[in-house]
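Commentary on secondary and tertiary structure
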Amino acid sequence: GGVGKTSLELSLIQKNYFKFLADDITIIDKNSNLWPNYAFPKIYRYNTQNREDIEKKVLKNKGFFDRFQWNFFKLFPNKPIRRRINPKFFYDNRIGGKSKLSDYFILFKGNFKEFSMRKISAEKAAFLNLEIVKVEYLMFLKHIYWHRINRAVLKDELILDEETILKKWLELQKKALKKCNCNLVEIPLNYSILDLEEKMLSILKD
């Protein structure tokens, strides 16, 4: 969270380089096909910093209270104000469909001296991805834990268990990611979204 994924997405699509496929989670199958997720993205105020064009579009057709709240909380930079946007409207119909995954980037912001990117194995990428999913979608796993408790009380066999699910996910991701280039992108803490955009655009063009 906060590494720059959504801000980068906004910049690249708004400048007509790419199409919107998903903002949060998307589905990849064992044949490395990527399936779109058109759930409305959440745009935080920090995504619009120094980007008046994006802020203007976020607030377009919003009522007085919406605009007032957005601007009022500029006085409190740490307050997480956000708005959901319709990607079809926001990206002027630049919407993608089923796509073949060819390159995979894990963005990681840390105490690095300079920006760098290095190739990693499909196994490493799958492991890192699964760990991220486990943290981000903890609520899903909680339901599986409750299922275990319910089954134990009812003295019934488990239908699903998290160990089996995670093992299957890991194997499927390894299979899917083997067919593409996996990369770990290391981003210095002092990097702005404009810095990140410039570097990533150069990489993606190549």
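What counts, and where the lines are drawn
Residues numbered from 1 in each chain as written. Predicted model: local features only at pLDDT ≥ 70, side-chain atom pairs only at ≥ 80, totals over all residues. Heavy atoms only, no water. Helix = DSSP H or I, 4+ residues; strand = E, 2+ residues; numbered from the N terminus. Expected span 1.5 Å × (residues − 1). Buried < 20%, exposed > 50% of the residue type's maximum accessible area, 1.4 Å probe, protein only. Arc of directions from axis to C-beta. Contact = heavy atoms within 4.5 Å. Pairing = 2+ DSSP bridges. Core = buried A, V, L, I, M, F, W, Y, C linked by side-chain atoms within 4.5 Å. Phe/Tyr/Trp six-rings, centres within 6.5 Å; stacked < 30°, edge-to-face > 60°. Lys NZ or Arg CZ within 6 Å of the ring centre and 35° of its normal.

**Structural notes on helix 8 (residues 193-205)**
Two residues of an α-helix separated by three or four positions point the same way, owing to the 3.6 residues in each turn. Between its first and last C-alpha, helix 8 extends 18 Å over 13 residues, near the 18 Å set by a 1.5 Å rise per residue. Burial in helix 8 covers these residues: Leu196, Glu197, Met200 and Leu201. Looking straight down helix 8, one finds its buried side chains confined to an arc of 125°; they lie on one side. Those residues of helix 8 that are buried are in contact with helix 1 (5-14), strand 6 (103-110) and strand 8 (181-188).

**Structural notes on the pairing of strand 8**
The buried count for strand 8 comes to seven of eight residues, which makes it a mostly enclosed element. Bridging between strand 6 and strand 8 involves eight bridges; their strand directions are parallel. Among the inter-strand pairings, Gly110 is bridged to a residue of strand 8, identified as Pro188. Across four bridges, strand 7 (residues 116-119) lies against strand 8 in antiparallel orientation. Paired with Ser116 across the two strands is Glu186, which belongs to strand 8.

**A word on the nonpolar core**
The biggest cluster of nonpolar side chains holds 17 residues, and the ones touching the most others in it are Leu101, Tyr104, Ile120, Ala125, Leu177, Cys180 and Cys182. Of all elements in the fold, only strand 6, helix 5 (122-136), helix 7 (162-177) and strand 8 reach the threshold of two or more residues within this core. With four residues, helix 5 is the single largest residue contributor to this core. The contacts of Ile120, once residues within four sequence positions are left out, are Ile106, Ala125, Leu128, Cys182, Asn183 and Leu184. One finds Leu10, Ile43, Ile54 and Ile85 within the second-largest nonpolar core, a separate group that totals 13 residues.

**Points about the sheet that holds strand 2 (residues 33-35)**
Read across the open sheet, the three strands follow the order 1-2-5; overall the sheet is antiparallel. Every other strand in the sheet has two partners, leaving strand 1 (27-28) and strand 5 (99-100) as the edge strands with one partner each. Note that strand 1 and strand 2 share two bridges and pair antiparallel. Following the sheet pairing, Ile28 is matched in strand 2 by Leu34.

**Considerations on helix 2 (residues 52-59)**
Turning to helix 2, its buried residues are Ile54, Glu55, Lys57, Val58 and Leu59. Contact partners of the buried residues in helix 2: helix 1, strand 3 (42-44), helix 3 (64-72), strand 4 (82-84) and helix 4 (87-90). Immediately downstream of helix 2, the backbone of Asn61 shows phi near 65°, a positive value.

**Some thoughts on the packing of aromatic side chains**
On inspection of all chains with the given rule, the structure shows eleven aromatic pairs. One aromatic cluster is present, formed by Phe64, Phe68, Phe72, Phe73 and Phe76 through successive ring pairs. The ring of Phe90 has Lys57 sitting right over it, with the charged end atom 5.7 Å from the ring centre.

**A word on the side chain of His147**
Within the secondary structure layout, His147 lies in helix 6 (residues 138-154). For His147, a relative accessible area of 18% puts it in the buried group. When near neighbours in sequence (up to four residues on either side) are disregarded, His147 contacts Leu158, Ile159 and Leu160.

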